[in-house]
Every structure is written in C-alpha cells, then in structure tokens.
Amino acid sequence: MTSYPPPLRKAPRTGIWIGVGLMVAAVAVAVVAGVLVWRLLAGEVEVIDADGTPHEVTLPADETYGTWVEPARPATCRVVDADGGEVTLERPDGSYEVNQWDADRSFETGSGTLTVTCTPGADAAGTEVRLGPLPSIPGLVGLVFGGVCLGMLLGTAGLVVIVVTVVRRSRPSPA
C-alpha cells in the first residue's frame, strides 16, 4: 500500500481582507480630512451692506470670524453682542485673501447673535462687507499634514499586508 503525504493547504485570506480594510480606511481618512479642510475654508458667510445701519446677524457660536472687504472699497465696522457689549475687533494674525476679498478685522462670535454696523470709506458708497470665518493656519496645516501622513501610513500598511498575504498564499504550507 502506498502512502501519500497529506495535501498542502494555502494560507488563509484574512490578510487580504485586513489589507483591503486598511486601504479603505486610508481613503476614508483622506475624505474626512478634505471635508474638514473645506469646512474650515468655506464656513458660513453673511453679507451686509456698509450703509451705517445696524444689521442683526446670527453666526456660529464661539468661532473666530473676520470682516472681509474689497481693498478698493474699505469699510469700518462696529460689532455688538446680544447683551449690548462691544465686541473687540483686532487685526488678523496673518494676511488672508479670498478672491478679491481681504480680511480686515477679526473677532470672536461669542453667542453668535450679533449686531453689526458698517460704514463705507470715502467714495465707497454701496460697499458690502462679508462676515466669514478666519481659519487657524496651524490647525489647517496640521489637519492637511496629519491627514496625508495617516492616509499614507494606512494605505502603505494595507498594501504591505496584501503583498505578504499573496506571497504566503502562493507557497503551499504544510498541513
């Protein structure tokens, strides 16, 4: 009677699924980072006329916002919170420009309910002022850098796990 060795079996496919999962997680990290960056850059914007009359606005609470003006059409604004207290307007930490709009002043939104009164500069009748978010540059850079690094790390790990699993599966292992 002839004796045959037991059949050789392939390594399990678990590693392939783990690698695919890591690569899907890498894509998810990239998408989430992209959405967060978009939200930082394109937050809620209120447009008011610089006509010297008070305008009631509701902005997200506890955010850093700015008054955005066109350089050729400057305006001076005064912001009052819901309790009637004057909101401090300061020069922004950096230079922000989006399309033709420049960030002129920055302020904290507090409760979010504000009264804004803007007056146009000389010879600038019909001026508009935009109230929009001022992104944190360190936060923005950290989010982009962290998202890219984490995505690359997860994607590379997924690829390595898949390659190792495929190589192991191509070699029969003893039972």
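Cut-offs applied
Sequence order as written defines residue numbering, which begins from 1 separately in each chain. Reporting in this predicted model follows two pLDDT cut-offs: at least 70 for local features of residues, and 80 or more for side-chain atom pairs to be given and counted; totals over whole chains, interfaces and linings ignore these cut-offs and use all residues. Side-chain metrics in this entry use all non-hydrogen atoms of the structure; hydrogen atoms and water are not considered. Where helices and strands are cited, they refer to DSSP runs of H or I of at least four residues and of E of at least two residues respectively, numbered from the N terminus. Relative accessibility under 20% of the residue-type maximum defines a buried residue, over 50% an exposed one, and the middle range a partly exposed one, all with a 1.4 Å probe and only protein chains included. Note on terminology: pairs of cysteine sulfur atoms within 2.5 Å are recorded as disulfides. Each domain span listed reflects an automatic or database assignment of domains.

## Regarding the side chain of Thr-117
Note that Thr-117 resides in strand 8 (residues 113-120). We classify Thr-117 as buried; its relative accessible area is 17%.

## Some words on the state of the cysteines
Across all of its chains, the model carries one disulfide by this definition. With a sulfur-sulfur separation of 2.0 Å, Cys-77 is cross-linked through a disulfide to Cys-118. Here the disulfide of Cys-77 and Cys-118 is right-handed, its torsion about the S-S bond being about 110 degrees. Here Cys-118 lies in strand 8 and Cys-77 lies in strand 4 (residues 75-81), a separation of 41 residues in the sequence.

## Quick look at the domain arrangement of the chain
A common way to state how big an interface is: give the accessible area lost once the parts meet. Partitioning the chain into domains gives domain 1 (13-39 + 140-169) and domain 2 (45-134). Of note, the centres of domain 1 and domain 2, computed from C-alpha atoms alone, are 41 Å apart.

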